[in-house]
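Chains, contacts and geometry: an overview
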Amino acid sequence: MKFSVNIESVYAGKDFVQGMREVKQLGFHAFEFWSWWDKDLQAIKTAKELLQLQLSAIVTKFISLTDPAKRQEYVEGVRQTIGIAKMLGCNTIISQVGQEIVGISREEQHDSIVNGLKACVPFLQQSGMMLVIEPLNTLVDHMGYYLDSSKEGFQIVDEVGSFYVKVIYDIYHMQMMEGNIISTITNNIDRIGYFHVAGVPGRHEPYTGELFYLNIFKAIEATGFKGYAGLEYFPVEAPALGLMKFLHWVRSVRL
């Protein structure tokens, strides 16, 4: 498994570049973050190169895919994000799909998502970027969000039919919504391009809560998955302490 640290969540409210430095000092080799349009990208790029960190993923603009009227705006947002990703040496773009639209059938909204993603495929293919769509939990964190099922996420990926569009399987969100984590992952690994990790409940350190992540990681490794699992959680302990405990926890079981 290759792990990446989400600077915006783990180091929320702290200096971004200092978070990058600490991540490197602790022994991680990759980081990720959410929105690029409100960041000092040059400072991030300079620190990334100095620290020899890999940027594993960024997020595209939060524009609805469920609404066909927003499609061109969404596609343009993806094109802009591709440009930023290239500049930062990143090849994975995370996308949410938008809120469910009241009064419009789910079938129509599903089709709108598929068609919007298909419109992005030529740009993704040309740049060699992978876009991963994210099912989220609608019980606690994202009420009203359209895509709260990994099954539908995988269906969308199949209908788009491109190597460059997959699912980001957020284990925290999908444990909240459906459970059956290991079987779902192993049965759909070809449709998964990225993972997110956090403890359940609470979205805290992965070694807390009801999920025994070490078995999940072993199952992912057994599939031959070569991508990243992003640590996207909100810490209870000091960020460095929690990350250090996580690395020790993972490594100790592998000895």
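Above this text you will find the structure in question.
A few points on the structure. Worth saying up front: this structure is predicted, and the values here are computed from it rather than measured. (Residues numbered from 1 in each chain as written. Predicted model: local features only at pLDDT ≥ 70, side-chain atom pairs only at ≥ 80, totals over all residues. Heavy atoms only, no water.)

A few words now on the layout of surface pockets. The volume enclosed by the largest pocket comes to roughly 320 Å³. If you trace the largest pocket, you find 21 residues lining it, with Asn91, Thr92, Met130, Gly193 and Gly227 closest to the centre. Taken together, the elements giving at least two residues each to the lining of the largest pocket come down to β3 (54-59) and β7 (192-197). Of the residues contributing to the lining of the largest pocket, the split by class is 10 nonpolar, 7 polar and 4 charged. (1 Å grid on protein atoms, 1.4 Å probe; cavity = no way out; pocket = protein on both sides within 12 Å on 5 of 7 lines; lining within 4 Å. Points joined across faces, edges and corners; volume = space filled by probe spheres on them. Helix = DSSP H or I, 4+ residues; strand = E, 2+ residues; numbered from the N terminus. Nonpolar A, V, L, I, M, F, W, Y, C, P; charged D, E, K, R; others polar.)

Turning our attention to the pairing of strand β6 (residues 165-170). Taken across its 6 residues, β6 has 6 buried, putting it largely inside the fold. Where strand β5 (residues 130-133) and β6 come together, 3 bridges link them in parallel fashion. Paired with Leu131 across the strands is Val165, a residue of β6. For the crossover from β5 across helix α6 (residues 150-160) to β6, the handedness is right-handed. Bridge analysis of β6 against β7 gives 4 bridges, and the strand direction is parallel. Paired with Asp170 across the bridge in β7 is His196. (Buried < 20%, exposed > 50% of the residue type's maximum accessible area, 1.4 Å probe, protein only. Pairing = 2+ DSSP bridges. Right-handed = clockwise from strand over helix to strand, strands pointing away.)

With that settled, the discussion passes to the packing of aromatic side chains. This model, assessed by the stated rule, comprises 14 aromatic pairs. Considering the side-chain rings of Phe31 and Phe33, the 6.4 Å spacing of their centres and the 15° angle between planes classify their relative orientation as stacked. Judged on exposure class, the residue Phe31 and its partner Phe33 are both buried. Pairing Trp36 with Trp37 gives two aromatic rings, centres 5.5 Å apart and planes at 80°, and the pair type is edge-to-face. When the ring centre of Tyr228 is taken as reference, the NZ or CZ atom of Lys2 above it lies at 4.4 Å. The positively charged end of Arg106 is found above the aromatic ring belonging to Tyr146, 3.9 Å away from the centroid. (Phe/Tyr/Trp six-rings, centres within 6.5 Å; stacked < 30°, edge-to-face > 60°. Lys NZ or Arg CZ within 6 Å of the ring centre and 35° of its normal.)

Hydrogen bonds between backbone atoms are what pair the strands of a sheet, whose relative direction is either parallel or antiparallel. With parallel pairing, the 8 strands of this closed barrel are ordered in space as β1-β2-β3-β4-β5-β6-β7-β8. Each neighbouring strand pair of the sheet contributes to a mean axis angle of 30°, computed without reference to strand direction. Sheet topology note: the strand β1 (residues 2-6)/strand β2 (residues 30-32) ladder contains 2 bridges and is parallel. Following the sheet pairing, Val5 is matched in β2 by Phe31. (Axes fitted to C-alpha atoms, helices over the stretch in contact; angles between N-to-C directions.)

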